[in-house]
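Tertiary structure, described
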Amino acid sequence: MGVSLVIHPRNPYIPTTHMNVRLFVAHPRNEDEEAVFWFGGGLDLTPYYPYLEDATHFHQKCADALAPFGADKYPTYKKWCDEYFYLKHRDETRGIGGIFFDDLNVAGFEQSFALVRSVGDHFTKAYMPIVEQRRHLKYGDRERDFQAYRRGRYVEFNLVFDRGTLFGLQSGGRTESILLSMPPIVRWRYQWEPEPDSHEASLADFLKPREWL
């Protein structure tokens, strides 16, 4: 069971975001054996027009969510996120990252569930202040066009690398539900480059693993 969401705002100044929390349980055939469980999840941010304060805020809330469970959790799960949401064929990350984890069970069910619940509870704290800060910014065709172009990277990741998408399609799941995370409007261009020193060009500096805190 799990909760998975992707938000693709119309306003290009508001980043796309993804959050997922999940639990798998494998019950043994032998009643004398215990069930095996593991948790997974995370959240990440994909801006089109980047702002350093947004990235710092988002990562701070990710760190806050994991702080009660050990000082090692945020740097470990941040690195995992950077490595997972990486487009090898583009040599860039999908966005500015966040946290990602899987196979979580060593601490026991209650402690693992508490960590996952904390991640879920911190999602709105991480994302909504950014929405409130950016939602009044004016935009036009130029910004919408750039947003649609950059959304192409999101599609490329989901179809080429995302384990959940690949598993769903290969296992014969409901296609409409599996592809529900795709952005509604996307464009591709051949070898397009932004104007030098433009706000669009500044995005490239954000699409590399770095320390935000």
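So, here's what we can say about the structure. (Residues numbered from 1 in each chain as written. Predicted model: local features only at pLDDT ≥ 70, side-chain atom pairs only at ≥ 80, totals over all residues. Heavy atoms only, no water.)

1. A closer look at the packing of aromatic side chains
Let me state the cut-off plainly: Two aromatic rings, drawn from Phe, Tyr or Trp (for Trp, its six-membered ring), form a pair once their centres lie within 6.5 Å of each other, and the interplanar angle then sorts them: stacked below 30 degrees, edge-to-face above 60, tilted otherwise. Each residue gets one of three labels from its accessible area relative to the maximum for its type: buried under 20%, exposed over 50%, partly exposed in between, using a 1.4 Å probe on protein chains only. Here, a charge over a ring means that NZ of Lys or CZ of Arg falls within 6 Å of the ring centre while also lying within 35 degrees of the ring normal.
Across all of its chains, the model carries 22 aromatic pairs by this definition. Both rings, one in F37 and one in F39, keep their centres 5.9 Å apart while their planes meet at 75 degrees; by these two values the pair is edge-to-face. Just as F37 is buried, F39 falls in that class too. Relative to W212, the ring of F206 has its centre 5.5 Å away and its plane inclined at 25 degrees; by these criteria the two rings are stacked. An aromatic cluster of at least three residues, connected via ring pairs, comprises Y77, W80, Y84, F85, F100, F101, F157 and F161. Sitting above the plane of the Y154 ring, R94 keeps its charged end 4.0 Å from the centroid. One cation-aromatic arrangement involves R134 over Y51; the distance from NZ or CZ to the ring centre is 3.7 Å.

2. Side note on the packing of helix 1 (residues 52-66) against helix 3 (residues 109-134)
What counts, and what does not: Here, axes are lines fitted to C-alpha atoms. For helices the fit covers the stretch in contact, and angles between N-to-C directions go from 0 to 180 degrees. For the purposes of this entry, the term helix denotes a DSSP run of H or I that reaches at least four residues, the term strand denotes a run of E that reaches at least two, and both are numbered from the N terminus. An angle below 35 degrees is treated as roughly parallel, one above 145 as roughly antiparallel, one from 65 to 115 as roughly perpendicular, and anything else as oblique. For a crossing to be left-handed, the near helix must be turned anticlockwise from the far one by less than a right angle; the clockwise case is right-handed. Contacts are assigned to residue pairs that have any heavy atoms within 4.5 Å of one another. Residue polarity is assigned by list, with Asp, Glu, Lys and Arg as charged and Ala, Val, Leu, Ile, Met, Phe, Trp, Tyr, Cys and Pro as nonpolar; anything else, Gly included, falls into the polar class.
Here helix 1 crosses helix 3 at 160 degrees, and the two axes come no closer than 8 Å. On the basis of their axis angle, the class for helix 1 and helix 3 is roughly antiparallel. The handedness of the crossing between helix 1 and helix 3 is right-handed. Residues E53, D54, H57, F58, K61, D64, A65 and L66 of helix 1 form the contact with helix 3, whose own contacting residues are L115, S118, V119, H122, K125, A126, P129, I130 and R134. A class-by-class count of the residues in the contact of helix 1 with helix 3 yields eight nonpolar, three polar and six charged.

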